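If you want the building blocks of each chain, they are given just below.
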Amino acid sequence: MEKQLKILKYSDLSKLIEKFRSQGFPVLAPVRKGKVVEIEQVQSLDEIALDVLLSTQSAKKAAFPKVEKVLEYTLEKSGTKQFPVDPADYKETILFGVRPCDASGFKSLDAIFGEEPKDQFYLEKKGKSTIISFSCPVADEYCFCTSVGGGPGNTAGSDLQFTGISKDEILVEILTEKGEKLAATFSDLLTDAGKDIDKSKFLADVKVVFDVDGVVEKTTASFNNTALWLEQSLRCIGCGACAFVCPTCACFDFQDEQNTKKGVRLRLWDSCGFSLFTLHTSGHNPREVQSQRWRQRIMHKFAYMPEQLHVVGCEGCGRCSRACPVDMNIKEHLTAIAQI
Amino acid sequence: MEQQNIYQPYLMEIEKITEEAPMVKTFRLKFKNEEEGNNFSFHTGQFGEYSVFGEGEVTFCVASPHTRKGYIECTFREAGRVTSELASLNEGDTIGFRGPYGNIFPIDDWKGKSLLFIAGGIALPPMRSVIWSCLDKRDQFKDITILYGAKSVADLVYKDELAEWKERPDVRLVTTVDPGGETPDWKGEVGFVPTILDRMTPISENTIAIVCGPPVMIKFTFPILEKYGFADEQVYTTLENRMKCGLGKCGRCNVGKVFVCKDGPVFTRTQLKELPDEY
């Protein structure tokens, strides 16, 4: 659909959240929790941390939660019975105040979970989420969205995008039919915007540091470049923090929990950085050392996904670098690969 | 409409348990829901995720042939957490099964050829499905030779079937045990599988070789096949990597860009040579 431009007053944001709440939509937004900023359900505007650059974790949990139930069963004398967990059992949700890199991060997850056979747990939740992203007026040294095809005002994956254009006014871009449907519920707060608003004036300046096609090409050719992977991962302690904050990481594990009568099977986030991830029962491990696990992380995102799913598995949000306890910086590592 | 939950297993009743070897059992599994059983089909080479509720899932091939309907079988060694729990179950108990997953042995392409099966230890089960699927269509193939080795006589699995194959005039079966693994009345060969294969001087012409076994056996068997003129396209094997979903999503079984669960587990040696060393 053709993009529509509207103006919303900052002073009406609070009413906007109230409207969403009164219609019964759960609203997920960045919330300060001590030193971290989580994406959580909010009741009102004053809970939302709109001033932070990025939430500590990405917005992916709206459709791919850290822990989710995929099976329920009872253990009975007459035999085990299982109950379907109905993936259709989810509510229309609004994801509010996330960044463009969060919104576009869903395209990697869409590709993985949308591939046959389709994962309805993800698709149902994603399908029922309307994403209102806020463009970025500032960026920091970890950001490199423009190097991987995104940008501080990138609208890919967003249904609506808000950009502050003055002290009082927000430019509202209505980008999808889902966004249009939601915007209709607060049309009384919107006024028409002139067509000539140059959004780019209000966005952060994020310099392109490498050519993503070059990184994809060189990563694809570097599987056997042992020295490269070793050098880049010497510091890596395999903690998996990078995967847990990443908007595109989708690897998961299953675990059962039960008492004597009933149980559940849970799907949980996992990470290719963990040494147990690929360990065979025999003791053999195809990715025995950390450099092989780091290679998998980079190659999955920059070689395998582009080739097989036609999407680069990185949004340049830099969360992995911010979260890394040993200060590995993916922007620097990718720049190094580009320069091979 | 209720959406399909791709992680929901079929409920299976353990119909029969056979003790194959120390720590090795075969389960014959029947679908608890008859309609699901009637609609179920698979092809030889495919695998599934077997679950013990409360412990989790474990990946094995379907060890029974696809030509036999109404049940599936799996053979496993008690090794980890889930297999240990599985081994403690009794006939009549319920487990879960998701599948079939993965690609297949293209036995229809092998019509008119001779087949040479080479298996070691607990790797006979995936091959047993192929062997019976071919034996059930015996007239479509020329010579069928089976070379099977295990550490010791006790470790040989499917002893009844080995005896049956030994009796068949249309099958040549060679069994061997590692040096020191023989018993006084052992009538088979003594020696490692590659050594025995070399002694058998296999004929590569119009022959397909199917090799399943521990990595070290495979490593030393391939050069012997090469020595007797087997081209890479004539040699098939299966890969096994740790899996969770079996559907190409959970991200752990890949070898380079290839998912063992989706693109495998069956590979020709030509395909294997293109894969990076990550298995």
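Basis of the calculations
- Throughout this document, residue positions are counted from 1 along each chain, in the order its sequence is written.
- Chains and ligands are labelled by the order in which they are written, letters from A for the one and numbers from 1 for the other.
- Only residues with pLDDT of at least 70 get local features here, since the model is predicted, and only at 80 or more are side-chain atom pairs given and counted; chain-wide, interface and lining totals rely on the full set of residues.
- Helix numbering and strand numbering both begin at the N terminus, where a helix is a DSSP run of H or I of at least 4 residues and a strand a DSSP run of E of at least 2.
- Using C-alpha atoms as the atom set, the radius of gyration is obtained and then compared with a globule rule of 2.2 Å times the number of residues to the power 0.38.
- Exposure classes come from backbone-placed C-beta atoms, where a residue is buried if 20 or more other C-beta atoms lie within 10 Å of its own, exposed if 12 or fewer do, and partly exposed in between.
- Residues are scored as being in contact if the C-beta atoms we place from backbone atoms lie within 7 Å.
- Domain limits in this description derive from either an automatic procedure or a database domain assignment.
- Helix axes use the C-alpha atoms of the stretch in contact, all axes being lines fitted to C-alpha atoms, and the angles between their N-to-C directions lie in the range 0 to 180 degrees.
- For this classification, under 35 degrees means roughly parallel, over 145 means roughly antiparallel, 65 to 115 means roughly perpendicular, and everything else is oblique.
- Each residue gets one of three labels, nonpolar for Ala, Val, Leu, Ile, Met, Phe, Trp, Tyr, Cys and Pro, charged for Asp, Glu, Lys and Arg, and polar for the others, Gly among them.
- One requirement defines pairing of two strands: DSSP has to find at least two bridges between them.
- Values of pLDDT, ranging from 0 to 100, describe the predictor's confidence in every residue of the model.
- Crossing handedness follows the turn of the near helix against the far one: under a right angle anticlockwise gives a left-handed crossing, and clockwise gives a right-handed one.

Novice: I'd like to hear about the overall build of chain B, residue by residue, with values.
Specialist: Helix and strand content of chain B: eight helices and 15 strands. For chain B, whose C-alpha radius of gyration is 19 Å, the value lies close to the compact-globule estimate of 19 Å for 279 residues. Within the span of chain B, comprising 279 residues, buried residues form 48% of the whole. The long-range fraction of contacts in chain B, counting pairs at least 24 apart against all pairs at least 6 apart in sequence, stands at 69%.

Novice: Hey, could you go over the overall build of chain A for me, with residue numbers and the actual values?
Specialist: The helix and strand inventory of chain A stands at 10 helices and 12 strands. Its C-alpha radius of gyration of 21 Å places chain A within 12% of the 20 Å reference for a compact globule of 340 residues. Overall size of chain A, expressed as C-alpha extent along the three principal axes, is 65 × 65 × 40 Å. Counting over 340 residues, chain A shows a buried share of 43%. Of the contacts made within chain A by residues no fewer than 6 positions apart, 70% connect residues no fewer than 24 positions apart.

Novice: Describe the environment of Asp-136 of chain B, and please don't skip the residues or the numbers.
Specialist: Residues and elements named next belong to chain B. Among the secondary structure elements, Asp-136 is positioned in the loop between helix 3 (124-135) and strand 8 (144-150). By the C-beta count within 10 Å, which is 12 here, Asp-136 ends up exposed. Separated by 27 residues in sequence, Asp-136 and Asp-109 place their C-alpha atoms 16 Å apart. Leaving out residues up to four positions away in the same chain, Asp-136 has contacts with Pro-65 and Thr-67.

Novice: Explain the domain arrangement of chain B to me, using residue names and the numbers behind them.
Specialist: Frequently, the measure chosen for interface size is the accessible area removed from exposure when the parts meet. Residue and element names in this part refer to chain B. Here the domain parsing of chain B yields domain 1 (10-101) and domain 2 (107-238). On a C-alpha basis, the centroid separation for the pair domain 1 and domain 2 is 24 Å. On the side of domain 2, 16 residues touch domain 1, which itself brings 15 residues to the contact. Listing elements by their share of the side of domain 1 that touches domain 2, those giving two or more residues are strand 1 (10-21) and strand 5 (72-77).

Novice: With reference to specific residues and values, describe the packing of helix 5 (residues 212-220) of chain A against helix 10 (residues 330-338) of chain A.
Specialist: Residues and elements named next belong to chain A. Running from amino to carboxyl end, helix 5 crosses helix 10 at an angle of 75 degrees, the nearest separation of the two axes being 8 Å. Here helix 10 runs roughly perpendicular to helix 5, going by the angle between their axes. For the pair formed by helix 5 and helix 10, the contact residues are Gly-214, Val-215, Lys-218 and Thr-219 on the first element and Leu-334, Ile-337 and Ala-338 on the second. Taken together, the residues that form the contact of helix 5 with helix 10 break down as four nonpolar, two polar and one charged.

Novice: How would you summarise the pairing of strand 6 (residues 94-101) of chain B if you had to cite specific residues and measurements?
Specialist: Residues and elements named next belong to chain B. Among the eight residues that make up strand 6, eight are buried, leaving the element largely enclosed by the rest of the structure. In this sheet, strand 6 lies alongside strand 1 in antiparallel orientation, the contact comprising four bridges. In the strand pairing of strand 6, Met-12 is matched with Ile-95.

Novice: For the sheet that holds strand 6 (residues 93-98) of chain A, give the residues involved together with the corresponding values.
Specialist: All names here are of chain A. Across the sheet, which stays open at both edges, the eight strands sit in the order 3-2-6-7-8-9-1-10 with mixed pairing between neighbours. For this open sheet the edge positions go to strand 3 (36-42) and strand 10 (190-192), each flanked by a neighbour on one side alone. Across this sheet, the average inter-strand angle for adjacent strands is 30 degrees, counted without regard to direction. Alignment of strand 6 against strand 7 (residues 129-134), held across five bridges, turns out to be parallel. Paired with Ile-94 across the strands is Thr-130, a residue of strand 7. Contacts from helix 2 (residues 100-114) reach strand 6 and strand 7, with the element oriented near 140 degrees to strand 7.

Novice: Can you tell me about the interface of chain B and chain A, naming the residues and giving the values?
Specialist: Each side of the interface is counted separately: chain B has 30 residues, and chain A has 41 residues. Looking at the side of chain B that touches chain A residue by residue, the classes come out as nine nonpolar, 12 polar and nine charged.

Novice: Tell me what's going on with the sheet that holds strand 2 (residues 24-31) of chain B, and back it up with residues and numbers.
Specialist: Residues and elements named next belong to chain B. Spatially, six strands are ordered 4-3-6-1-2-5 in an open sheet, and the strand pairing comes out antiparallel. Every other strand in the sheet has two partners, leaving strand 4 (56-61) and strand 5 as the edge strands with one partner each. Neighbouring strand axes in the sheet, compared pairwise and without regard to direction, differ in orientation by 40 degrees on average.

Novice: Any chance you could break down the confidence of the model for chain A for me, citing the residues and the numbers?
Specialist: Here chain A averages 95 in pLDDT, while 100% of its residues score no lower than 70. Here strand 5 (residues 81-83) of chain A stands out as the least confident element of chain A, with mean pLDDT 88; strand 7 of chain A is the most confident, with 98.

Novice: Lay out the packing of helix 2 of chain A against helix 3 (residues 120-127) of chain A in plain terms, naming residues and giving numbers.
Specialist: All names here are of chain A. Orientation of helix 2 relative to helix 3, taken along the N-to-C sense of each, is 140 degrees, at an axis distance of 9 Å. One way to sum up the angle between helix 2 and helix 3 is to call them oblique. Judged by the sense of rotation from one axis to the other, the crossing of helix 2 with helix 3 is left-handed. Counted together, Phe-106, Leu-109, Asp-110, Phe-113 and Gly-114 of helix 2 and Tyr-122, Leu-123 and Lys-126 of helix 3 form the full contact between these two elements. Broken down by class, the residue content of the contact of helix 2 with helix 3 amounts to five nonpolar, one polar and two charged.

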